[in-house]
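Fold and contact review
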Amino acid sequence: MQMSNLAESNLAPLRIYQTPIEHLPDDLYVPPQAFAIWLEQFAGPLDFLLYLVKKNNFDLTQMPILPITEQYLAYISELDTEHFELAGDYLLMASTLIAIKTELLLPKPQMSTEERDPKAELTRRLEAYAQIKQASLRLDRLVRLERDVFLALVSMPDQSIMNAELPNYSPNLLIDSLFKMQLQPDYQMHTVKVDTIPLSDRIASISRQLSMSGRRPFYELLDKKQGKVGVVVSFVAVLELMKRQLIGIVQDDFENQPRQLTLEWLA
Amino acid sequence: MMTTLDTTNNYETISLDIEVLLHASEAPLTATMLKKHLSLSDKELQSALEVLQARLNKSALSLHKSASGYRLQIADRYSALIQRVFPQRQERLSQALLETVSVIAYKQPVTRSDIEYVRGVTLSSGILRQLFDKGWIVEKGHRDTLGRPALLHTTPQFLDAFGLSDLNELPPMPDLNQLHISA
Amino acid sequence: MMTTLDTTNNYETISLDIEVLLHASEAPLTATMLKKHLSLSDKELQSALEVLQARLNKSALSLHKSASGYRLQIADRYSALIQRVFPQRQERLSQALLETVSVIAYKQPVTRSDIEYVRGVTLSSGILRQLFDKGWIVEKGHRDTLGRPALLHTTPQFLDAFGLSDLNELPPMPDLNQLHISA
């Protein structure tokens, strides 16, 4: 790589920024049409960088970083809304690469050796990623249940014999389960170990009632059987739904009447 | 010409293949499907099913035939044992099962991958099998796309279990698109 | 004193009960659970399992012992038949999901941001949801840093799915030096 020498020297930095695109290895260029396919082939910017490093025997400490950065930025501009999350990842990687470049171009100040070395850090990350990627391929080669071997499915004895009467389920069970599917609390949320009244059930039930009636006083949304804990859990459910901007509080304009908490469905 | 021994061995082999398909299938399998998948004649199918039946007699399973096809089920005489060890087995409906049948109920007819798309997770075979076993869903028709996937519908038994007399009585569907919270 | 014939019959009966429980259970059953549910001694369980294994050898199933216990599965030699007839049963895992579960499996306990750091990609909620849905991972404990993020671990079901009986059996992590990333 001729450019490596340039990159390493502190001379004429602008020329690097003006390096024409034809100096790039072929692999760096992905035509826009192939972009969707490309997205599926790489698990992210680290994966792409790893590919470049291996394919071209790039030495990360020597390689010119600008072309890759430019490539990343080009990808970001191509990303549609569906892959919006990826844009952040590539942007972060591109800015890391730019930061590394900048440090290399600037004269090295004689500072403490404790200063973090972004290039070494990137190399470490790339190694850690390459290791996990390899490990995941090895994992995928194991004999896997429901791909290589299959569980035997059998039916239970006749329902009539197992259970004389058909259980009666409420149709609300169906709609609540759909709400729960959509409104599942983020798995990162802290969950209380023992929840006698599951928050997700309350969220689903309150969503259902409000989406159907439009607005309702808070006390009518309570399940009286659930007691004090039910009130607390319901209130937390209401707060969660407000945070998600699915419900709001109705402003009470009857000044004479005692104030009551009335909620309305916004979604 | 085949000797009797060869023929018997052959039926034995076919009966094992049938056993495999019945254990692997989510939905009951009709005679037509079994013949098609294993390239069998009527005669071969019938003889192999007899061999299978004889083998199952020594096991805990029975070959069950209904309008929708053949399936393997645990013999009725073991009901008490199952009730004792897994008392919750019948009544409890898992969230995954409820979500799946809800998607089918509201969006029918749907394919397996429609359900996976809506729920955002792959569908385990056990869940569809449970819904078929309960008689809550049936396969009817195919979508004209790659692989001609079967279309799933809910049944009158499903309506019964939820105390509905008609699909129109399902609670109105929430607008899932509006509900969708981007991560 | 029991005669030999009685004893054999007895093991036969127990083996049928075990077969029923393994079929009816939603998860694998440990030896301890089988002994408890059927009031068996170690000796009785072992002998009955041998009888069951012998009977299954003539059928299409096999008795498999996994990390979380015994389960019945379709014998390996029939996998190709199942893959041909029911291609939809073959579960494919995306590279993103495999990488994510690998980070958790090899580096556990990890937080969500540990995974994002290693993979260099924002973790989509769909991937974690799939892993939770499959029962392959659980949250257990918190890291004592800002926000007290939850710690993720793999479960025995994860080991079951990959045919492992212990985390030690995971394929070894590749050696960094063999990855040829010059530093």
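Nothing here was measured: the structure is a model prediction, and the numbers come from that model.

Here we come to the nonpolar core. Within the largest apolar cluster, 62 residues are counted, with the highest numbers of intra-cluster contacts made by Ile18 and Ile74 of chain B together with Ile18 and Ile74 of chain C. If we ignore the near neighbours within four places in the chain, the residues touching Ile74 of chain B are Val154, Ser155, Met156 and Pro157 of chain A, Ala60, Leu61 and Ile82 of chain B together with Val20, His23 and Ala24 of chain C. Of all hydrophobic cores here, the second largest spans 48 residues; its members include Leu178 and Phe179 of chain A together with Leu93 and Leu131 of chain B.

With that settled, consider the packing of helix 5 (residues 95–107) of chain B against helix 6 (residues 112–119) of chain B. Two numbers describe a pair of packed helices, the interaxial angle and the distance between the axes. Residues and elements named next belong to chain B. Remark: helix 5 packs on helix 6, axes separated minimally by 10 Å, with the N-to-C direction vectors making an angle of 115°. Taken together, the axis directions place helix 5 and helix 6 in an arrangement best described as roughly perpendicular. Where helix 5 crosses over helix 6, the two elements pack in a sense that is right-handed. Residues Ala96, Glu99, Thr100, Val103, Ile104 and Lys107 of helix 5 lie in contact with helix 6, whose contacting residues are Ile115, Val118 and Arg119.

Interfaces are often sized by the accessible area lost when the parts come together. Contacts between the two partners involve 54 residues from chain A, matched on the other side by 58 residues from chain C. With both chains or domains summed, chain A and chain C bury close to 5,100 Å², and 59% of this area falls on carbon and sulfur atoms. Across the chain A-chain C interface, the total number found is one salt bridge. Across the pair Glu146 of chain A and Arg89 of chain C runs a salt bridge, and its minimum N-O distance is 2.8 Å. Counting every contact that joins chain A to chain C gives 13 residue pairs in polar contact (both at pLDDT 80 or more). Looking at the side of chain A that touches chain C, the elements that each hand over two or more residues are helix 4 (45–55), helix 6 (84–105), helix 7 (118–140) and strand 1 (150–151) of chain A. Among the elements that line the side of chain A that touches chain C, the one with the most residues is helix 7 of chain A, at 17 residues. Of the residues assigned to the side of chain A that touches chain C, the class counts are 27 nonpolar, eleven polar and 16 charged. One ladder, built from two bridges, connects strand 1 of chain A with strand 2 (residues 69–74) of chain C; its direction is antiparallel.

Okay, the packing of helix 10 (residues 199–213) of chain A against helix 12 (residues 227–243) of chain A next. Residue and element names in this part refer to chain A. At a minimum axis distance of 9 Å, the contact between helix 10 and helix 12 shows a crossing angle of 65°. The angle between helix 10 and helix 12 places the two elements in the roughly perpendicular class. Where helix 10 crosses over helix 12, the two elements pack in a sense that is right-handed. Contacts between helix 10 and helix 12 involve Leu199, Arg202, Ile203, Ile206 and Ser207 from the first element and Gly230, Val233, Ser234, Val236, Ala237, Val238, Glu240 and Leu241 from the second.

Moving on, we come to the interface of chain B and chain C. Each side of the interface is counted separately: chain B has 35 residues, and chain C has 34 residues. A combined buried area of about 3,100 Å² lies between chain B and chain C, and 62% of that area is made up of carbon and sulfur atoms. When the buried surface of chain B facing chain C is broken down by residue, Val20, Phe86 and Thr122 of chain B rank first, second and third, together holding 16% of it. Taken together, chain B and chain C are joined by two salt bridges. Arg129 of chain C is the partner of Glu99 of chain B in a salt bridge, and the nearest nitrogen-oxygen pair spans 3.3 Å. Taken together, chain B and chain C are joined by eight residue pairs in polar contact (both at pLDDT 80 or more).

Residue and element names in this part refer to chain B. Inspection of helix 2 (residues 31–38) places Leu34, His37 and Leu38 among the buried residues, and these make up the whole buried set. One side of helix 2 holds all its buried residues, which, seen down the axis, span an arc of 80°. What points out from helix 2, more than 90 degrees from its buried face, is the exposed set Thr32 and Lys36. Phi turns positive one or two residues past the end of helix 2, at Ser39, with a value near 50°.

With that out of the way, let us pick up the environment of Thr154 of chain B. Residue and element names in this part refer to chain B. Summarising the element assignment, Thr154 is placed in strand 4 (residues 150–154). Of the residues examined, Thr154 reaches a relative accessible area of 11% and is grouped as buried. The spatial distance from the C-alpha of Thr154 to the C-alpha of Ser102 is 9.5 Å, given a sequence separation of 52 residues. When near neighbours in sequence (up to four residues on either side) are disregarded, Thr154 contacts Ile104, Ala105, Gln108, Trp136, Ile137 and Leu167.

Time to look at the sheet that holds strand 1 (residues 61–66) of chain C. The strands making up a sheet are joined through hydrogen bonds of the backbone, oriented either antiparallel or parallel. Ordered in space as 1(A)-2(C)-1(C), the three strands form an open sheet in which the pairing is antiparallel. At either end of the open sheet lies a strand with only one pairing partner, and these are strand 1 of chain A together with strand 1 of chain C. Sheet strands in contact with helix 3 (residues 42–57) of chain C are strand 1 and strand 2 of chain C, and its direction is about 140° off that of strand 1 of chain C.

For the rest of this paragraph, the subject is the environment of Arg143 of chain C. Residue and element names in this part refer to chain C. Take Arg143: it is sitting in the loop between strand 3 (137–142) and strand 4 (150–154). The exposure class assigned to Arg143 is partly exposed, which follows from its relative accessible area of 29%. Considering only alpha carbons, one finds Arg143 and Val110, 33 residues apart in sequence, at a separation of 8.7 Å. Those residues in contact with Arg143 that lie beyond four places of it in its chain are Pro109, Val110, Thr111, Asp114, Arg148, Pro149 and Leu151.

Criteria and thresholds
- Residues numbered from 1 in each chain as written.
- Chains lettered and ligands numbered in written order.
- Predicted model: local features only at pLDDT ≥ 70, side-chain atom pairs only at ≥ 80, totals over all residues.
- Heavy atoms only, no water.
- Core = buried A, V, L, I, M, F, W, Y, C linked by side-chain atoms within 4.5 Å.
- Buried < 20%, exposed > 50% of the residue type's maximum accessible area, 1.4 Å probe, protein only.
- Contact = heavy atoms within 4.5 Å.
- Axes fitted to C-alpha atoms, helices over the stretch in contact; angles between N-to-C directions.
- Helix = DSSP H or I, 4+ residues; strand = E, 2+ residues; numbered from the N terminus.
- Parallel < 35°, antiparallel > 145°, perpendicular 65-115°, else oblique.
- Left-handed = near helix turned anticlockwise from the far one by under 90°.
- Buried area = accessible area lost by both parts, 1.4 Å probe.
- Salt bridge = Lys/Arg side-chain N within 4 Å of Asp/Glu carboxyl O.
- Polar contact = N/O pair within 3.5 Å; in protein donor to acceptor, adjacent residues only side chain to side chain.
- Nonpolar A, V, L, I, M, F, W, Y, C, P; charged D, E, K, R; others polar.
- Pairing = 2+ DSSP bridges.
- Arc of directions from axis to C-beta.

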